[in-house]
Amino acid sequence: MGARKFGPGSAIGLAFGLLFAVFPLFWMVSTSFKPSNEWVTTPPVWVSENGTVTNYLVILWPSVLLEQRGGLGQYTEEGEVTAQRATESDAVSGAVADFLTKSAWQSIRGSIIISVLSTMLSIVVGFMAAIAIARYRFGGNVTPFFILSGRMFPPIAIAIPFVVMFSAPGIEATDSYWGLILAYAAVTVPFSTWMLKSFIDELPQEIEEAAMMDGMSRWEAHIKVTVPLIKGGLIATSLFIFILNWSEFLFALVLTYTNVETIPVKLSKYFSATSGQQYGIQAALACVSIVPLVIVGFFIQRHLVRGLTLGAIKR
Amino acid sequence: MSHSDKKEQFTKELYRLWSMHADRKNYKVSRRDLIKGMAGLGLGAGAISMLMKQAPLSVRQAWAADGATPEERAINGAKALFDSAEKKTISIMYPSGSGGNLSPFVEEWKGLTGFDLELIEVPVTETHQKAMQEAVAKTGRYDIMIPAPLSLADLAESGVARPLDDYMDKYDPEVYSGPNQLQFPVSDFGQKYKGKTYGLYCDGDWWHLSYRKDKLAEKGLAPKSKREMVHTWGEYDELCATMHDPDNNFYGALEYRSPFWNKFHWMTRVQSKGHFYFDEDMNSLADTPQGIETVKELIALQDIMPAEQFTYGFTENYAQYYAQGRGFCEFGWPSLWRYSNDAAGSQSIIAAKGEDGEPSQTAVSKVPGTMHGDELIRSCIHAFAWDFVVSNYSPIQEAAYCFSQWITGPTMSMRSIPNEGGYFDPWRDNHFFAPSAEFFAAYPGDFLATHAEAIVDAVPEIQLRGAAEYLNALDVNLTAAYNGNKSPEEAMEDTAKEQNRITRRLGKAEQKESWHGLAKMYPEPLQKLVGVDKWVL
C-alpha cells in the first residue's frame, strides 16, 4: 500500500488540532505572567506587555511580597495598624492579602508524596490482581467485572462513606498521607488491574511456563519474566494512574483538613469572596503542577509509546 | 433517736420535699408519684424560664456569665471551661481568603482563655458541602463552622448545627438588643431558622448602589436625596439610559446577566413589588405577571450594558468597568464601596477625594424601590454573609460558642473587619454609629450611615432546606431568558415548575412551615403588603 501524501488539507487539519491542544496551555502560561488587571479583559490580553512574576511569588515565596509591603494591615487592640496599608506599587491588594500568609509548597509536597505512593500501591496490587485473573482464572468471569464495578458509580457516592470509615476511632486516617494514599489506590486499582490484565493477556503464557520449567518459582517467573516483558505497559499504566491521582479533587477535599493538602484543593482556595477567582495565581500554580508530569513524560516517552501500542496487533 | 430512725425520717423528709407519697412500708415511689413529680419539676422549670424572660436585664444578668461586655463574658466563660474541657483546641472551618479576620487574633484568644485555635481553611465555594459532609460523617472534627446564612436551614435540619439560644441567654452577645445590636430583619433571617438561633452573624452583606456623582453633576442632574440616587425602578431605568454614553465607552448600567450572579437583580427588583418567592401555600410565584414583567424590565436594560454582561460577575464588572471609570452605577456588596475607594489596594481610578477628605467621584445610595400608594417600598437583597455555627458534634460546644461571641463582639469585630486579607463587612450598630478611625477609613464617606439605613429593607435569599436547588432553578432559567434562549414567560414557567417539584420532593408541609417562618422575618412593610400576618399553616 502506497504512503498517502501529506497535502495542504492535512497540514491545515494538523494545525487546527495543534491549536486546539496547545491553546489552553498557552493561555495558562500567558495568564500566569499577567498582572491582575489583565486577567479578565475585553479584548483579551494575549501576551502581557507588563509581564510579572508576582503570581509565582504568591504561590512559591509569598514572604518576599509580604516583606515588600511590610506585612498585612491589621489592627492592634489599641487601634494601631501593625503594618503599612497596601500602596499603589503593591502587586497584591489588601483584599486578597490573606493568600500571602501561606505558600503552596505544602500542597506541592502533598501531591507528590500522595500521587507517587498511591500509584505504586495501585500498580503493585493491580499487577497481582491482573496476574491472578489472566493466568490463574481467579474468580472466573465474574471477579474482573466485580473489580471494575468500583468505577461504575460516581465518586461522590463513596466519598462520604470513606470519611465515615476513616474517621472511626482507631483508624483515624482522615487528614493523613496514608489515608489519602489508601483511598486513591482503592479507586484506581480497577483501572490498573484491567489495563495490566490486557497487557499480560497479550504475552504468551508459554514464556512464563518455560521459565518455570527452568526452575523458577511462579513468583520469580512473574517478577523476572513477565514484568520486564510488559515494561512499556506498566509504565503507560503508571503514568495514567499517576495523572488520575495528581489531578484528583473530590477525595482530597473531603478527606483532608489542615495536615495534608494537594494542588487541586489549593487551586480552589485561590478564590476570594471579594475579588473572585484569582486567575493569574491559579494559572501559576497550574503551570508549576504540570512540571513534574512533563519531566516524567519526557524521560519515559519511549516506553510510553511502546506501552500504548502493546497489544495493538491481535495474536 | 437511733440511726435507723434518723435514716427513715430523712427519707420521709426527702419524699415530702419532692411532693411524692411514700409507700407506708418501704417508701418506694409509685409510677403515678413519679409522673406527678416529673410534671411538677417540668412546670417549675418552665415557670422560672418564663419569669426570667420577662425579668429586667439586671435580674437576668445575675444568672448569666460575669462581664460587662460580650467579649468579657465570653472570655470569662471560656476560662471557666478550660480546665474541664475535653479538648483544648477549638477547630474552626473558615472560608478561604477570610483569614485576615481571624488569624491575627489566635494568640490573643489563647492568652486570654488558654484555648488554642486551629483554623481549617476550606475553599469558599465548598463551605456548604464541607459542613454537610460533617452532618453525615459526624466526626466532631469542627467545633465551629463558618457557612453562609443560606446554609442554616440545611445545617439545622440535618442536625449538625447546634441551637445557640441557651448560650445566648447565658452570655448575651448583644445582637438582639442594646446599642451594639444587629437590626431587624437581618438579625433574624441572618441568624435564625424556625425560631431558633443557629448562627452568630459576622458579615453585613446586604446590597447598596454605588454611582458616579461627578458624572451625574456633569449632566446637570442631582440625586433624589443624600442617600437615594433615585426612588423607584422606573426612575433608575430612565437615569441609567440618560447616563449611557457609548461613544465615550461609558455604560449606563453595570448589572449582572451572567450565571449565578444574575438572579440577585431579579430578587431585589421583584420583591419591592410585594411579590415574594412563594405564596402562602408554598407555590412558586416565579411565573406570576410581576415575576415575568420584572424579567422583561431587566432584559430592556441590557441595551445600555457592556457586551460582557453575560460573562462578567460582580468582581469582573467592578474591576473592568466600575473601578476603571467605564460605568455609571453598580449594585453590590459593601466591598464594592470599600475597594472602589481604595486606589492603592484595587487600582481604582475613581477613588479621588475632595478637600474635605470625602470621596469626590462616587456616592452611595440605597437600592430603588416601588411606590405602593404613597409609600416607597424597597427590597434590598441580602446574599452571602457568614455565620459562626457551633457543631452539634463538637465535644467543647460551649467554649466554641464563647469564641464565636468573642470574635463577633462589638469591639473585636470593629478591630477585625478593617483588617487586610479578610472580607467581613460592617453589620452591628456600633460599626455604623461609633466607628473607629480605622474602620471609617476602610468605609469612607457616607457609606456606613447609608448601609445602616438600608438594613431595614434587607430581604433574604430562599433560605429554606434545598436553598441551592431553588436558587439554581431560578438562575438557570433567568440566564436562558437573558440570553434569548427562552422567552421570559417560558423561563419563569419553567422556574415555577422546577421550584414546585423541589418543594414536593422535600415535603410540602415541612417546607411550608419553614417558608412561613422566613416570611415573618421579612421587613415589616413588605410583610404588611403581602399580608403575611393573615397566613395560616
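Here is what the cut-offs are and how they apply
Residues numbered from 1 in each chain as written. Chains lettered and ligands numbered in written order. Predicted model: local features only at pLDDT ≥ 70, side-chain atom pairs only at ≥ 80, totals over all residues. Helix = DSSP H or I, 4+ residues; strand = E, 2+ residues; numbered from the N terminus. Buried ≥ 20, exposed ≤ 12 C-beta atoms within 10 Å, placed from the backbone. Contact = placed C-beta atoms within 7 Å. Axes fitted to C-alpha atoms, helices over the stretch in contact; angles between N-to-C directions. Parallel < 35°, antiparallel > 145°, perpendicular 65-115°, else oblique. Nonpolar A, V, L, I, M, F, W, Y, C, P; charged D, E, K, R; others polar. Domains from an automatic or database assignment. Pairing = 2+ DSSP bridges. Core = buried A, V, L, I, M, F, W, Y, C linked by C-beta atoms within 7 Å. Expected span 1.5 Å × (residues − 1). Arc of directions from axis to C-beta.

**Quick notes on the overall build of chain B**
Check the secondary structure of chain B and you find 25 helices and 14 strands. Within chain B, the proportion of its 537 residues that are buried is 52%. Taking the contacts inside chain B whose residues are at least 6 apart along the sequence as the reference set, 74% of them involve residues at least 24 apart.

**Here we look at the packing of helix α23 (residues 488-506) of chain B against helix α24 (residues 508-519) of chain B**
Residues and elements named next belong to chain B. As a packed pair, α23 and α24 sit with axes 6 Å apart at the nearest point and diverge in direction by 110 degrees. With respect to their mutual orientation, α23 and α24 come out roughly perpendicular. Residue-level contacts link T503, R504 and L506 of α23 to K508, E510 and Q511 of α24. Of the residues belonging to the contact of α23 with α24, the class tally is one nonpolar, two polar and three charged.

**Notes on the domain arrangement of chain B**
How big an interface is tends to be reported as the loss of accessible area on association of its parts. Residues and elements named next belong to chain B. Assigned domains within chain B: domain 1 (63-201 + 387-423) and domain 2 (208-382 + 465-528). A straight line from the C-alpha centre of domain 1 to that of domain 2 covers 31 Å. Listed as interface residues are twelve residues of domain 1 and, on the opposing side, ten residues of domain 2. Counting only elements with at least two residues in the side of domain 1 that touches domain 2, the list comes to α7 (152-158) and α9 (186-189). Residue classes in the side of domain 1 that touches domain 2 are distributed as six nonpolar, one polar and five charged.

**Thoughts on the sheet that holds strand β2 (residues 116-122) of chain B**
Read across the open sheet, the five strands follow the order β2-β1-β3-β13-β6 (chain B); overall the sheet is mixed. The open sheet has two edge strands with one neighbour each: β2 and β6 (200-201) of chain B.

**Quick word on the pairing of strand β11 (residues 375-378) of chain B**
Residues and elements named next belong to chain B. The pairing of strand β10 (residues 369-372) with β11 spans four bridges and is classified as antiparallel. Looking across to β11, one finds that G369 is bridged to R378. Linking two consecutive strands that pair antiparallel, namely β10 and β11, is a turn of two residues; a positive phi of about 70 degrees is found at G373 within it.

**Looking at the environment of B:E218**
For B:E218, the location among the structural elements is in helix α10 (residues 213-218). A sequence separation of 209 residues divides B:E218 from B:Q9, and the C-alpha atoms of the two residues are 95 Å apart.

**Some points on the nonpolar core**
Soluble globular proteins: nonpolar side chains tend toward being buried together. B:I90, B:I144, B:L155 and B:F403 are the most contacted members of the largest nonpolar core, which totals 165 residues. Broken down by element, the residue count for this core peaks at eight residues, all from helix α22 (residues 467-483) of chain B. Residue contacts for B:F403: discarding those within four places in its chain leaves B:A78, B:I90, B:W109, B:F115 and B:I144. Counting 20 residues, the second largest nonpolar core, distinct from the first, contains A:I147, A:M195, A:F199 and A:L239.

**Quick look at α23(B)**
All names here are of chain B. Taking 1.5 Å as the rise per residue, α23 with 19 residues should run 27 Å; its terminal C-alpha atoms sit 27 Å apart, in good agreement. Among the residues making up α23, those that are buried are P488, A491, M492, T495, A496, Q499, I502 and T503. Buried residues of α23, seen end-on, are gathered within an arc of 130 degrees and therefore sit on one face of the element. Turned more than 90 degrees from where α23 packs its buried face, R504 and R505 sit exposed. Among the structural elements, α13 (289-301), α22 and α24 are those in contact with the buried residues of α23. G507 lies just past α23 and shows a positive phi near 105 degrees.

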